Amino acid sequence: MHAHKSSPIAVLGAAAVLAGFCPWAPPDLAAQRADSVTITGHIQDVDTGSDLEGAVLELSGLVHRYVTGADGRATFSAPTGNYTLTIRTSGYVTMQSGFS
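Thresholds, definitions, all that
Residues numbered from 1 in each chain as written. Predicted model: local features only at pLDDT ≥ 70, side-chain atom pairs only at ≥ 80, totals over all residues. Heavy atoms only, no water. Helix = DSSP H or I, 4+ residues; strand = E, 2+ residues; numbered from the N terminus. Buried < 20%, exposed > 50% of the residue type's maximum accessible area, 1.4 Å probe, protein only. Polar contact = N/O pair within 3.5 Å; in protein donor to acceptor, adjacent residues only side chain to side chain. Contact = heavy atoms within 4.5 Å. Salt bridge = Lys/Arg side-chain N within 4 Å of Asp/Glu carboxyl O. Phe/Tyr/Trp six-rings, centres within 6.5 Å; stacked < 30°, edge-to-face > 60°. Pairing = 2+ DSSP bridges. Core = buried A, V, L, I, M, F, W, Y, C linked by side-chain atoms within 4.5 Å.

J.: For this particular structure, what's the right way to read the side chain of Glu58?
T.: Relative to the helices and strands, Glu58 is located in strand S3 (residues 56-59). For Glu58, a relative accessible area of 18% translates into the label buried. In this structure the side chain of Glu58 is engaged in a polar contact, spanning 2.3 Å, whose partner is the side chain of Arg88. Non-local contacts of Glu58, meaning those with residues more than four positions away in its chain, are made with Arg65, Thr84, Leu85, Thr86 and Arg88.

Set out below in structure tokens:
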């Protein structure tokens, strides 16, 4: 499936955005979600630029795992905090990065 079995993966456009600052969120919803962030990632093969469907994203300390769609993207919410993000997909090097 993947030509480069040991290719690294690239995280493009990874961002953490405070949910309370979304301009479209009603004030009461923004207040309820002030302690969470929305995380968006775009996972691609670093050599070919191909989107990686089925890549698994995990945040340290949380039980949930998130999987990229056909466009290589995943979006999810998490409590505000310090995390290590781990990204895994078959045939690629596992990537880890800390952020807060």
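Continuing now.
J.: Looking at this structure, how should I read the pattern of salt bridges?
T.: Think of it this way: side chains of opposite charge can pair up when their charged atoms draw near. Scanning the entire structure with this criterion turns up three salt bridges. For Arg73, the salt bridge goes to Asp71, with nearest N and O atoms at 4.0 Å. For Arg73, a relative accessible area of 43% gives the class partly exposed. According to the relative accessible area criterion, Asp71 is partly exposed, its value standing at 38%.

J.: How should I be thinking about the packing of aromatic side chains in this particular structure?
T.: Each aromatic ring pair is described using two quantities: the centre-to-centre distance and the angle formed by the ring planes. As enumerated under the stated definition, the model contains one aromatic pair in all. Seen in terms of ring centroids, Tyr66 and Phe76 are 3.8 Å apart; in terms of plane orientation they differ by 5 degrees. Their pairing is stacked. Residue Tyr66 is located in strand S4 (residues 65-67), and its partner Phe76 is located in strand S5 (residues 73-79); the two are separated by 10 residues in the primary sequence. Assigned by exposure class, Tyr66 and Phe76 land together as buried.

J.: Looking at this model, I keep getting lost on the pairing of S5. Mind explaining?
T.: Taken residue by residue, a regular strand's side chains alternate between the two faces of the sheet. Only one face of S5 is buried: it carries Ala74, Phe76 and Ala78, and the other face, with Arg73, Thr75, Ser77 and Pro79, is open. Examined bridge by bridge, strand S2 (residues 36-45) and S5 share seven bridges and lie antiparallel to one another. Considered in S5, the bridge of Val37 is made with Ala78.

J.: What is the right way to look at the environment of Ser60 in this model?
T.: Mapped onto the elements, Ser60 comes out in the loop between S3 and S4. Judged by relative accessible area, Ser60 falls into the partly exposed class, the value being 36%. For the pair Ser60 and Leu85, spaced 25 residues apart in sequence, the C-alpha to C-alpha distance is 6.6 Å. Other than its neighbours up to four places away in sequence, Ser60 contacts Tyr83 and Thr84. Polar side-chain contacts of Ser60 include one of 2.9 Å to the backbone nitrogen of Thr84.

J.: Any chance you could explain the nonpolar core here in plain terms?
T.: Counting 15 residues, the largest nonpolar core has Ile39, Ile43, Leu57, Leu59, Phe76 and Ile87 as its most contacted members. For this core, the secondary structure elements donating two or more residues are S2, S3, S5 and strand S6 (83-88). When sequence neighbours within four positions are dropped, the list of residues in contact with Phe76 reads Val37, Thr38, Ile39, Leu57, Leu59 and Tyr66.

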